[in-house]
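# Close look at the chain arrangement
Listed below are the residues making up each chain.
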Amino acid sequence: MLRTGLRTGLRWKLSAAIAAVGALVALTLSVVVHNAARYSMLSNARDLADERVQIAQRNYETSGRTNFPGIKIDDPDLPKDLLAKATAGRRATYVADGPSGVPDIWAAVPLKDGRILSLHTGFTDRSAAVLDDLDEALLIGSIAVVFGGCALGVLIGGQLSGRLRKAATAARQVARGETDVRVRDAIGGVVRDETDDLARAVDAMADALSQRLEAERRVTADIAHELRTPVTGLLTAAELLPPGRPTELVRDRAQAMRTLVEDVLEVARLDSASERAELQDIMLGEFVTRRVAARDAGIKVLVVHESQVTTDPRRLERVLINLLVNAAKHGRPPIEVTVEGRVIRVRDHGPGFPEELLADGPSRFRTGSKDRAGHGHGLGLTIAAGQARVLGARLTFRNVRPVGVPEDVPAEGAVAVLWLPEHAPTNTGSYQMLPE
């Protein structure tokens, strides 16, 4: 089952989190401040109504007249709760919701003659305007907090995301075999955080892996070097055997062992990154045509566009021959070679490259046969890829399938493509050879 999802960057996740928290805090504070301001204004209005009703009580009991607008005696609209308290002989205030949503302020006090004097006023326009201005200010402040949080999240998340992306890029370079790359140097900066700890850990892992690979390379090279002398002696002794089928078998196996030893030594030299190209100017189409004809006259070479390149002819021939040998062993004819500018393509019409090779590239002792029953030891493409690196070239592999055909359908051929660089690889320590 395929799982799909929206991929978002750390910058936007952090920005959204800060904005959400900021919005929640701003909303909570706005509600608290609004309610506190409303409660304070209503308390002041009730206190003012209470003072007025007391003054009106004293004036009424002295002169028998009311001197404030809104003062009534035994008002039939008096709220029941306020009426009950006044009837019980208590002075009280009451807040009720008006028909238009504006609070009504009531105050009542019992008189000496048993009647009830009350005051009915509304929430003043000035107070309502102040509360509206406060709500508007809180809204603007909340929006500013949300956008400010977004900006802060983008800034902080951008810096953290940028450091992580640099670390990921450097880690991928290490995975491709660039052992001189260090993640901590790639992320730079003076900040010491979890990203720096991650970079240190990856660098330590890369150093340990590099040391282990170097130790394995030295062991492999030492074993191959020690085997060279006895294998050469074995091959010489086989030449002295009398003619016959057993002699041919011994010579064939001895030669195969010698080839394997030489290939292992070549891989070890390529892994040590000590190889340097001896550069010469050649006509690529003509060079490939002659080398392929010398190898197998039945292989068709098509020169689409001739080009002069600066490269190492010996190493280029090694790459080309290894690709042809691999196509012959693991593919099916016809084998076609195409030269177009600085690009060389070698195609066969076999079952295609294994998926592991397409995903991870050539690997030692992994042949093109899935059951390991094929000929060879899987070193041909490994050597071709290593020699291509020395030339500053790029070697890619793909399978040929018609458009729209599912991946589980067998391929109709394999294509190896060698992309020679536009400029000679002098930065690798290679040097130009003077023409003879």
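Calculation notes
Residues numbered from 1 in each chain as written. Predicted model: local features only at pLDDT ≥ 70, side-chain atom pairs only at ≥ 80, totals over all residues. Heavy atoms only, no water. UniProt positions renumbered as here; feature names shortened; annotations may be inferred. Helix = DSSP H or I, 4+ residues; strand = E, 2+ residues; numbered from the N terminus. Buried < 20%, exposed > 50% of the residue type's maximum accessible area, 1.4 Å probe, protein only. Lys, Arg positive; Asp, Glu negative; His and termini not counted. Salt bridge = Lys/Arg side-chain N within 4 Å of Asp/Glu carboxyl O. Polar contact = N/O pair within 3.5 Å; in protein donor to acceptor, adjacent residues only side chain to side chain. Contact = heavy atoms within 4.5 Å. Pairing = 2+ DSSP bridges. Axes fitted to C-alpha atoms, helices over the stretch in contact; angles between N-to-C directions. Parallel < 35°, antiparallel > 145°, perpendicular 65-115°, else oblique. Left-handed = near helix turned anticlockwise from the far one by under 90°. Nonpolar A, V, L, I, M, F, W, Y, C, P; charged D, E, K, R; others polar.

Under an unreviewed UniProt entry, the name given to the protein is histidine kinase, and the organism recorded is Streptomyces vastus. In the Subcellular location (unreviewed entry) part of its UniProt record, the protein is described as follows: "Cell membrane". Looking at the Catalytic activity (unreviewed entry) heading of the UniProt record, one finds this comment for the protein: "ATP + protein L-histidine = ADP + protein N-phospho-L-histidine."

The next point concerns the UniProt feature "transmembrane region" (unreviewed entry) in the protein. Residues annotated by UniProt as "transmembrane region" (unreviewed entry) correspond here to residues 12-33 and 137-156. Note that residues 12-33 is 100% helix and 0% strand, and that its end C-alpha atoms are spaced 31 Å apart. Annotated as residues 137-156, this span is 100% helix and 0% strand, and its ends, taken at the C-alpha atoms, are 28 Å apart.

With that settled, the discussion passes to the side chain of Asp348. Position of Asp348 among the secondary structure elements: in strand β9 (residues 343-348). Of the side chains with opposite charge, Arg347 comes closest to the buried, unpaired Asp348, at an N-O distance of 6.6 Å. For Asp348, the side chain forms a polar contact with the main-chain nitrogen of Gly350, separated by 2.9 Å. Beyond its immediate chain neighbours, meaning those up to four positions away, Asp348 contacts Ala327, Gly331, Arg332, Pro334, Ile335, Glu412, Gly413 and Ala414.

Let's shift gears to the sheet that holds β9. Pairing in this open sheet of five strands is mixed, and the strands run β6-β8-β9-β11-β10 from one edge to the other. Lying at the two open borders of the sheet, with one neighbouring strand each, are β6 (300-305) and β10 (394-399). The average angle at which neighbouring strand axes cross in this sheet is 15 degrees, direction not considered. The pairing of β10 with strand β11 (residues 414-419) spans six bridges and is antiparallel. What sits directly across from Leu395, in β11, is Leu418.

A few words on the environment of Val390. Residue position: Val390 is located in helix α10 (residues 380-390). Among the residues examined, Val390 registers a relative accessible area of 11% and is labelled buried. Between the C-alpha atoms of Val390 and Ala277, which are 113 residues apart in sequence, the distance is 6.3 Å.

Our next topic: the packing of helix α8 (residues 313-330) against α10. One can describe the packing of α8 onto α10 by two numbers: an axis separation of 9 Å at closest approach and a directional angle of 155 degrees. Regarding the angle of α8 to α10, the classification is roughly antiparallel. The two elements α8 and α10 meet at a crossing, and its hand is left-handed. Two secondary-structure elements touch here, α8 through Arg315, Arg318, Val319, Asn322, Leu323 and Asn326 and α10 through Gly380, Leu381, Ile383, Ala384, Gln387, Ala388 and Val390. Taken together, the residues of the contact of α8 with α10 sort by class into seven nonpolar, four polar and two charged.

With their axes 11 Å apart at the nearest point, helix α7 (residues 284-295) and α8 run at an angle of 50 degrees to one another. Between α7 and α8, the interaxial angle falls into the category oblique. At the point where α7 passes α8, the crossing takes the right-handed sense. Across from Leu284, Phe287, Val288, Arg291, Val292 and Arg295 in α7, the residues of α8 making contact are Pro313, Leu316, Glu317, Leu320, Ile321, Leu324 and Val325. Of the residues contributing to the contact of α7 with α8, the split by class is 10 nonpolar, no polar and three charged.

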